[in-house]
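Analysis of the macromolecular model
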Amino acid sequence: MNRTVLRLLKRLGFYALIAVVLFYAIFPFYYAVVTSLKPSSELFRVDFWPSSFDLVNYARILGEKSFVRAILNSILVSFSVVFIALLLGLTASYALGRVRFRGRTSVLLIILGVSMFPQVAVLSGLFEVIRVLDLYNNPAGLVLSYTIFTLPFTVWVLTTFMRQLPQELEEAAIMDGATPWITITRVFLPLMWPAMATTGLLAFIAAWNEFLFALTFTLTDDQRTVPVAIALISGGSQHELPWGPIMAASVTVTVPLVVLVMIFQRRIVSGLTAGAVKG
Amino acid sequence: MGRLTLTGIGKDYDGVEVSRDIDLTIEDGEFVVFVGPSGCGKSTLLRMIAGLEEISRGEMCLDGERLNETPPQERDIGMVFQSYALYPHMTVAENMAFGLKLAHADKTEIKQRVDTAARTLQLSPLLDRRPKALSGGQRQRVAIGRTLVKQPRVFLLDEPLSNLDASLRVEMRVQLAELHRRLGATMVYVTHDQVEAMTLADRIVLLSGGRIAQVGAPLTLYHFPESLEVAAFIGSPRINTLPVTVIDPGRRRTGVQLPNGEPLPVAVDGSHLTTGETATLGIRAEDFVAPDAADALLKGRLGVAERLGYETLAHIEVNGADGTITQRLDRLAHLEPRQATTLGLSGEQCHLFDAEGRACPRQVTLPGVAA
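Residues numbered from 1 in each chain as written. Chains lettered and ligands numbered in written order. Predicted model: local features only at pLDDT ≥ 70, side-chain atom pairs only at ≥ 80, totals over all residues. Heavy atoms only, no water.

Here's the deal with the overall build of chain A
Going by this rule: Strands here mean DSSP runs of E at least two residues long; helices mean DSSP runs of H or I at least four residues long; both are numbered from the N terminus. Radius of gyration: C-alpha atoms only; globule rule: 2.2 Å multiplied by the number of residues to the exponent 0.38. Buried, partly exposed and exposed residues are distinguished by accessible area as a fraction of the type maximum, computed with a 1.4 Å probe on protein chains only: under 20%, between the cut-offs, and over 50%, respectively. We call two residues contacting when some pair of their heavy atoms lies within 4.5 Å.
Helix and strand counts for chain A stand at twelve helices and zero strands. Helices and strands in chain A line up, N terminus first, as α-α-α-α-α-α-α-α-α-α-α-α. Taken against the 2.2 N^0.38 rule, which gives 19 Å for 279 residues, the C-alpha radius of gyration of chain A at 24 Å runs more than 25% over that of a compact globule. Dimensions along the principal axes, computed over C-alpha positions, put chain A at roughly 75 × 70 × 30 Å. Taking all 279 residues of chain A together, the buried fraction comes to 39%. Considering only intrachain contacts with a sequence separation of at least 6, the fraction spanning at least 24 residues in chain A is 72%.

Focus on the sheet that holds strand β6 (residues 77-80) of chain B
All names here are of chain B. Rules: Two strands are counted as paired when DSSP detects at least two bridges linking them. Only the stretch in contact is used when a helix axis is fitted, and all axes are lines through C-alpha atoms; the angle between N-to-C directions ranges over 0 to 180 degrees.
Spatial ordering of the open sheet is given by β6-β7-β8-β3-β9-β10, a layout of six strands whose pairing is mixed. Whereas interior strands pair on both sides, the edge strands pair on one side only; in this sheet they are β6 and β10 (211-216). On average, adjacent strands in this sheet sit at an angle of 20 degrees to one another, irrespective of strand direction. Where strand β7 (residues 154-158) and strand β8 (residues 186-191) come together, five bridges link them in parallel fashion. Across the sheet, Leu156 pairs through a bridge with Val188, a residue of β8.

Topic: empty space enclosed by the protein
Our working rule: In the cavity and pocket records, a cavity denotes points on a 1 Å grid over the protein atoms alone where a 1.4 Å probe fits but cannot get out, a pocket denotes an open set with protein on both sides within 12 Å along at least 5 of 7 lines, and lining residues are residues with an atom within 4 Å of a point. Grid points are joined across faces, edges and corners, and a volume is the space filled by probe spheres set on the points. Here the nonpolar group is Ala, Val, Leu, Ile, Met, Phe, Trp, Tyr, Cys and Pro; Asp, Glu, Lys and Arg are the charged ones; every other residue, Gly included, is treated as polar.
Going through the model one piece at a time under the given rule, you end up with one cavity of 30 Å³ or more. There is about 30 Å³ of room inside the largest cavity. In terms of lining, the largest cavity is formed by Ala172(A), Met175(A), Asp176(A), Met79(B), Phe81(B), Arg146(B), Thr147(B) and Lys150(B). Only α7 (167-175) of chain A together with α4 (136-148) of chain B provide two or more residues apiece to the lining of the largest cavity. Of the residues contributing to the lining of the largest cavity, the split by class is four nonpolar, one polar and three charged.

Some thoughts on the nonpolar core
Spelled out, the test is: Nine residue types can take part in a nonpolar core, namely buried Ala, Val, Leu, Ile, Met, Phe, Trp, Tyr and Cys, and a core is a set of them joined through side-chain atoms within 4.5 Å.
Formed by 76 residues in total, the largest nonpolar core has its most connected members in Met192(A), Phe34(B), Met60(B) and Leu156(B). Counting residues per element, this core draws most heavily on helix α12 (residues 243-265) of chain A, at eight residues. Each residue touching Met192(A), except ones within four places of it in the same chain, is listed here: Leu90(A), Leu158(A), Phe161(A), Met162(A) and Leu165(A). Of all hydrophobic cores here, the second largest spans 44 residues; its members include Leu86(B), Ile110(B), Val114(B) and Leu157(B).

A word on helix α5 (residues 119-132) of chain A
All names here are of chain A. The condition that has to hold: Helices are assigned an expected span. That span is 1.5 Å times one less than the residue count. Note on bend: the value at a residue is the angle between axes fitted to the seven residues ending there and to the seven starting there.
Counted at 1.5 Å a residue, the expected span for α5 with its 14 residues is 20 Å, and the 19 Å between its end C-alpha atoms agrees. For α5, the principal kink sits at Gly125 and spans about 35 degrees. Taken together, the buried positions of α5 are Leu123, Leu126 and Ile130. The inward-facing, buried residues of α5 contact α6 (139-164) and α10 (212-217). Asp134 occupies a position one or two residues after α5 and carries a positive phi of about 60 degrees.

Here's the deal with the domain arrangement of chain A
All names here are of chain A. Convention followed: Note: domain ranges come from an automatic or database domain assignment. Buried area adds together the accessible area that both of two parts lose upon being put together, with accessible area traced by a 1.4 Å probe. Basic side-chain nitrogens of Lys or Arg form a salt bridge, by our definition, when they fall within 4 Å of a carboxyl oxygen of Asp or Glu. Pairs of N or O atoms are called polar contacts if they sit within 3.5 Å, as long as, within protein, a hydrogen donor faces a hydrogen acceptor (for residues adjacent in sequence, only side-chain-to-side-chain pairs).
If you check the domain split of chain A, you get domain 1 (2-42) and domain 2 (65-265). Between the C-alpha centres of domain 1 and domain 2 the distance comes to 32 Å. Facing five residues of domain 1, the contacting portion of domain 2 comprises five residues. Both sides of the domain 1 and domain 2 interface together cover about 450 Å² of buried area, and 88% of this is carbon and sulfur. Per-residue buried area on domain 1 facing domain 2 is highest for Phe29, Ala32 and Ser36; these three make up 74% of the total on that side. At the junction of domain 1 and domain 2, the tally comes to zero salt bridges. On inspection of domain 1 and its partner domain 2, the count reaches zero residue pairs in polar contact (both at pLDDT 80 or more). Tallied by class, residues from the side of domain 1 that touches domain 2 come to three nonpolar, two polar and no charged.

Remarks on the layout of surface pockets
In this model, the largest pocket occupies a volume close to 680 Å³. Considering the residues around the largest pocket, the lining is formed by 22 residues, among which Arg100(A), Gln167(A), Arg47(B), Leu52(B) and Glu53(B) are closest to the centre. Of all the secondary-structure elements, those providing two or more residues to the lining of the largest pocket are α3 (65-98), α7 and α8 (180-191) of chain A together with β1 (4-13) of chain B. Considering each element in turn, the lining of the largest pocket owes the most residues, four residues, to α7(A). Grouping the amino acids of the lining of the largest pocket by side-chain chemistry returns six nonpolar, five polar and eleven charged. If you add up the space inside the second largest pocket, you get close to 350 Å³. Lining the second largest pocket are 17 residues; nearest its centre among them are Val82(A), Leu86(A), Trp193(A), Met196(A) and Gly200(A). Those elements giving two or more residues to the lining of the second largest pocket turn out to be α3, α8, α9 (193-209) and α12 of chain A. Looking at the lining of the second largest pocket residue by residue, the class counts come to 15 nonpolar, two polar and no charged.

As structure tokens, then:
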């Protein structure tokens with residue numbers, strides 16, 4: 001009897017904890033969705049349930065050319081960053097994870113060290129670099145600067161993963177006459193999909209949400225990315241913050257991330273190497 | 001053709017010599033087994049032949065052509081890995097075809113070769129499966145098939161059966177012997193299992209401490225080991241050893257004194273030994289004779305008896321000797337616990353090793369076994 005009660009209480013506590021975590025994680029976004037669906041007249045009435053379904057805010061931001069343009073810029077920049085980071089990360093991880101050379105550990109530590117600099121610390125230096133390369137107010141400048149910050153962790157994760165792949169698999173490929181490039185692309189890459197999907201997704205999110213560089217390295221509306229564009233959405237007067245459109249814009253740009261996670265979560269399952277070695 | 005010649009091969013790892021003075025010729029079509037305890041350098045030697053390890057010293061030739069600097073894929077040597085190392089994302093057919101595809105072989109040619117290999121290895125129904133849907137034995141066959149399609153001059157097999165369970169191992173062993181007979185290809189096989197070595201090899205290369213301890217036909221290594229090390233490694237149960245004292249060194253017969261004081265004339269050339277020197281007498285479990293036909297007797301008591309079904313191994317505690325002496329008996333031999341036992345020794349059946357472990361050449365002839 002006592003034991004049954006205890007078990008019930010434990011289970012109750014467990015689900016209560018889950019509820020708290022879920023609420024903590026989801027409520028801000030939920031409230032943003034609810035707010036974005038309200039007309040501006042009802043904006044400052046606190047409603048916990050969707051009271052109206054008004055798409056006027058969405059119509060307004062999507063009707064704005066600069067916002068649509070910002071979305072396109074964000075897509076371009078984020079996908080470029082992911083592609084470059086994965087390409088460089090994969091090849092670097094082969095070298096760092098598979099090839100024995102002097103100073104390998106130092107290289108890995110330096111890479112890790114680079115990722116620890118706060119963004120602001122490199123901002124002015126990076127600005128000079130971008131000016132010299134003539135990439136100011138150009139999405140390519142953002143791709144360059146984001147790649148600098150995503151590459152270290154991409155390299156680290158992929159190197160760790162690469163090291164776990166069995167040595168004999170590579171040797172079998174060598175015996176089959178594969179060059180390192182063929183080994184990477186035709187043997188390792190298919191096995192590294194889970195790691196690639198995970199790191200790629202994280203790189204994408206980082207690039208998609210980045211604000212400081214995007215603000216600093218762009219000047220005109222048609223070169224901006226989404227986070228900056230949202231921050232610069234302004235109302236009719238300087239005393240009005242247009243919460244409705246801001247929330248609508250936020251929801252609009254969050255949806256692609258959610259969709260991407262949904263698509264790739266199936267990929268983010270390891271155990272793909274099962275059957276490679278032993279029984 | 002596939003005649004492999006190794007001359008003075010050696011290997012250093014960070015200044016440590018792991019392999020040295022390997023001189024060996026493997027004839028075309030021969031099945032040679034490298035065997036030895038773990039860490040004896042057998043896998044290193046195999047990997048040097050494959051080209052996965054650099055050869056530090058010496059020269060390796062295949063059909064007279066020097067291969068030391070040739071990259072693995074151009075050596076015309078195929079290797080089967082211990083863990084199979086199949087590509088998990090490819091089907092069986094793709095696994096086998098991968099090497100040929102990379103070599104830009106003709107498509108119909110690839111298909112034909114894969115089909116032939118699959119038929120040879122009874123893999124035809126499995127061609128569209130992935131490795132994870134295969135059993136251990138099937139994976140092993142795919143690993144062999146992947147090498148087979150390349151039709152290399154030399155096959156290297158690195159402990160290919162060690163991941164299989166015991167019954168499957170026996171089955172695969174027979175299949176491998178059969179495959180070798182059919183292909184007539186040169187095969188080099190690494191194992192630490194002396195049973196695999198004995199059953200598969202045309203010649204065994206027994207390695208120890210990075211060098212060759214003895215090369216020869218399995219029965220030669222069994223009956224005429226050149227050192228105590230070889231005698232101890234080949235044969236199960238392990239050869240019995242007794243410390244003895246040399247009392248009468250001779251060319252045809254060498255007299256020794258057993259721990260219990262009994263003299264035994266051993267049929268070996270011990271002419272380089274001196275009287276009073278200590279030596280080691282070796283005798284295999286099945287080489288004891290009936291007491292009335294024996295040259296000397298050992299008395300003891302039965303310790304543990306292992307009934308293996310097809311034979312009985314009696315471990316006998318002999319007076320004056322450390323440890324036990326193993327005697328191979330009939331499968332239904334009648335034994336009482338702790339019964340008194342007399343072991344009969346025959347000088348014809350014994351081995352004698354000097355203090356350095358070198359064998360004194362046996363002065364007996366066995367039909368069909370080269371000394």
